[in-house]
Amino acid sequence: MARKDKPRRARAETPKGFRDYFGAEVVERKAMLDAIAEIYHRYGFDALESSAVETVEALGKFLPDVDRPNEGVFAWQEDADWLALRYDLTAPLARVYAQHRNELPTPYRRYAMGPVWRNEKPGPGRFRQFYQCDADTVGTASVAADAEICAMLCDTLKKVGINPGDYVVRVNNRKVLNGVLEAIGLEDEAHRAAVLRTIDKFDKVGETGVRELLGEGRKDQSGAFIDGVGLANDQIESVIVFLGARAKAAARVARGEHTQGAGIRLEARTSSAASERWRSDDERFLKMASDDPERLLNFETLNELRGLVGRSEVGLQGIDELEEMADLLDLQGYGPDRIVIDPSVVRGLGYYTGPVFEAELTFEIADEKGRPQRFGSVAGGGRYDDLVTRFTGQAVPATGVSIGVDRLLAALHAKGRTGGAAAGPVIVTVMDRDRMAEYQSICAMLRGAGIRAEVYFGNPKNFGNQLKYADRRGSPAAIIQGSDEAARDVVQVKDLVLGAKLSQDATVEEWKENPSQTEVPVGDLVTHLQRLLK
RNA sequence: GCCGGCGUAGCUCAGUUGGUUAGAGCGCCUGAUUGUGGAUCAGGAGGUCCCCCGUUCGAGCCGGGGCGCUGGUACCA
C-alpha cells in the first residue's frame, strides 16, 4: 500500500495537559506575578527560588512504588534515588527550611513563585503544569500569623484587580472538623477521611447530595454511581447540622437576634489566652450588636459550632483559634463581607493541621459557549505544623497561602478585566532592497527613543504583504520610505489604527486615498511617532 | 478508575436507504496589483474519512474490538 512509503510525520502538538503561552499572555502573567510578589515583599516575606526537581523522598508521601512510581508526580529514577518535578511549593519549602534552618531566621517568612507539575488527568481549566505564588511563615504557632496570611491574601487580590465583593475568603479549622468527627464517634481513619471529602463537596452537591454520599451513595449527572460512606442516620444528621451552622447563624442575624454578650459561653472555652482577651472585649461585642449586627455573623456561626463539637477538646480548641482569627481580622477591617467562617472548607486531606482557608471568586463567569462556569478557589492555604518534622524530628509550626496564578488570570480574562490586544511594534517597511542599512538606521533611531520597532524581514517584493504583516502584528504605524522620500529626507508615516477605523465605513477607493498617511521629515519622525502613540 | 458524547482538510463542520473521482465555509499560498492593510474576482496547495477485523459485488456510512479526544465524576499532596 502506498501509505507505507510515506514516513509518518511528527505531530506538532503540546502533550496533553500542557499548553503554550504567547506574547501578551506571558506579559500578563509576569505582571500578575510581580504584583503579587510586591505585596508579599511588603508584608516582610523574603524571596526564595528553590530547585524545580526534588527527591521523591523530600516531597513526601509518594514513596517509589515499583508498579506506579509516577502516581501524581512526574518522577524518574537516578541511580538509587527517585527524583520528581515539584508538585507544589510547600513541600520544597519544608525541605529548604529543614536543610538551612541554622542560617535562616525564625520565624522564616518567604515567598516563592514558579511552575509546578502534576501528573494527573487534565480537565477544563486544569493543566499538568501551572504557576503558583506562595507565601509562608515557618516557625510560629501564633494564630496571628494565620490571620495575617488571610489579610495579605485580601490585599493581594485587590492588587491584581479583584475587589471586596468579588471574592470571599472562606475559613475553617481542621481541629473543628476533627472535633465533629470525634463528636459523632467516628474512629476509623478511612471513614474519617471519606467524611471530610464529602464535607468538602457540600458546595457542589448541596445538602441532599451530602446526605446521599454519607449514606448509601448517589448517582452523578453522568450516570456513574458514587459509593457512599455508610454512616448511621444520626451521624449523618449531625454532619448536616454542622454544615448548616452558618446558614442558621445568618438567619438569626438577619432577624436581628444575636447571642447575648459574646462572653456568655466563655466557660466552655479551653484556651485561657483566648478567654482573657475575649472577656475584656465583651463590651465591644455588645456595641457591635447594636451598631452593625452583620459583623456578628462569623462570631454567631462560631457560637453555633461550639455547641456541635460538644465535648471534643480539640474541636473547642479549633473554635477558639477561629474566633481569635476572626477577631484579629475584624479589628483590622477584614470583616464578614470578605472573611467567612465556613464549616465546609476542608482543603484536601494532606498536611493541614489547623486553620484552613480558600479564596473563591463570587462574580459570574461564562465560558466560550456562554454557560456559567464554576471557577472554584483561586487561592488556598492553612497551617501545617508537621511538615518540617519529617526532616528534623522536631515540631516546626508553619502556615501559608498559595495563589493559583493561571486560574486567577483565566478568571480575570473571562471577566474581561485583562487581555486587551497587545500593541505591536512600529514596522519599518522595505521599499528598496538595497537600502536595507538605511531602514535599519531608522529603526535604530526609533529604538533609541524607546519606541518598539522592527524592519520588515519578509519577502519585500509585494508591498501589500508588508502592511498585511503590520496589520496582523497589531502595529500602530508603518514607516514607508521609497527613493522619492529618501531623496527629500522624509518618510511616510501610516497610522494603521486610524486607517483601520476609516476602512470600516469608507469605500475602497476613498480608503485607498490614504488619509491616514502623513509625510514627515526624518528628523521629526521620533516626535511625530511619540505623539501618535499616545 | 467509573459514566456519557464525539473522531471526515490547518480550523469549524456537511456527507442522502451502503454506490463511481469525499465536499463547504474559514484560514493558507499565487495572481489581478513591481508604492499601500479591507472587500472582490481567478487559480492553487492541503485528506492513512482514527486504527484493525468482519459483513458486502462495493464501507466515511453497517457490526465487533481497539485507540484517541472531550464532558461529568472519583482521586488530588
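Residues numbered from 1 in each chain as written. Chains lettered and ligands numbered in written order. Predicted model: local features only at pLDDT ≥ 70, side-chain atom pairs only at ≥ 80, totals over all residues. Heavy atoms only, no water.

Details of the overall build of chain A
What chain A contains, in helices and strands, is 20 helices and 18 strands. For chain A, the residues scored as buried account for 46% of the 534 residues in total. Within chain A, residue pairs in contact and separated by at least 24 positions form 70% of the contacts whose partners lie at least 6 positions apart. On chain A, roughly 27700 Å² of surface is accessible, and the fraction owed to carbon and sulfur atoms is 50%. (Helix = DSSP H or I, 4+ residues; strand = E, 2+ residues; numbered from the N terminus. Buried < 20%, exposed > 50% of the residue type's maximum accessible area, 1.4 Å probe, protein only. Contact = heavy atoms within 4.5 Å. Areas by Shrake-Rupley, 256 points an atom, 1.4 Å probe, with all protein chains shown as cover.)

Quick look at the pattern of salt bridges
Considering all chains together, one arrives at 29 salt bridges under this definition. With a closest N to O distance of 3.2 Å, D203 and R170 form a salt bridge. Residue D203 is found in helix α7 (residues 202–214), and its partner R170 is found in strand β7 (residues 167–173); the two are separated by 33 residues along the sequence. Linking D320 and R306 is a salt bridge whose minimum nitrogen-to-oxygen distance equals 3.4 Å. Linking D320 in helix α12 (residues 313–331) with R306 in helix α11 (residues 297–308), this pair joins segments that are 14 residues apart in sequence. Exposure class is identical for D320 and R306. Each is buried. Overlapping salt bridges bring together R170, D203, D342, R347, E358 and E360 as one network. (Salt bridge = Lys/Arg side-chain N within 4 Å of Asp/Glu carboxyl O.)

What about the sheet that holds strand β15 (residues 453–455)?
The strand order β15-β14-β16-β17-β18 describes an open sheet built from five strands, whose pairing is mixed. Here the strands that pair on one side only, and so sit at the sheet edges, are β15 and β18 (517–521). Within the sheet, the average angular offset between the axes of one strand and its neighbour, ignoring direction, is 25°. Looking at chain direction, strand β14 (residues 426–428) and β15 are connected through three bridges and run parallel. (Pairing = 2+ DSSP bridges. Axes fitted to C-alpha atoms, helices over the stretch in contact; angles between N-to-C directions.)

A look at the nonpolar core
Grouped together as the largest cluster of nonpolar side chains are 80 residues, with contacts concentrated most on Y40, L153, V169 and V195. Among the nonpolar cores identified, the runner-up in size contains 24 residues, and V430, A477, L496 and V522 belong to it. (Core = buried A, V, L, I, M, F, W, Y, C linked by side-chain atoms within 4.5 Å.)

Overview of the environment of G256
Turning to its location among the elements, G256 is positioned in the loop between α9 (245–254) and α10 (272–291). Using a relative accessible area of 53% as the deciding quantity, one classes G256 as exposed. In this structure, the C-alpha to C-alpha distance between G256 and A289, residues 33 residues apart in sequence, is 8.8 Å.

Section: helix α8 (residues 233–243)
Among all positions of α8, only Q235, I236, V239, I240, F242 and L243 are buried. Within α8, the buried residues cover an arc of 160° as seen down the axis, which keeps them to one side. Opposite the buried face of α8, at more than 90 degrees from it, the exposed residues are N233 and D234. On its buried side, α8 packs onto α5 (174–183), α6 (189–200), α7, α9 and α11. (Arc of directions from axis to C-beta.)

A short note on the packing of α9 against α11
Remark: α9 packs on α11, axes separated minimally by 8 Å, with the N-to-C direction vectors making an angle of 130°. If you check the angle between α9 and α11, you find them oblique. α11 is crossed by α9, and the crossing has right-handed handedness. Residues A245, R246, K248, A249, A250, R252 and V253 of α9 form the contact with α11, whose own contacting residues are L297, N298, E300, T301, E304, L305 and L308. In the contact of α9 with α11, the residues fall into seven nonpolar, two polar and five charged. (Parallel < 35°, antiparallel > 145°, perpendicular 65-115°, else oblique. Left-handed = near helix turned anticlockwise from the far one by under 90°. Nonpolar A, V, L, I, M, F, W, Y, C, P; charged D, E, K, R; others polar.)

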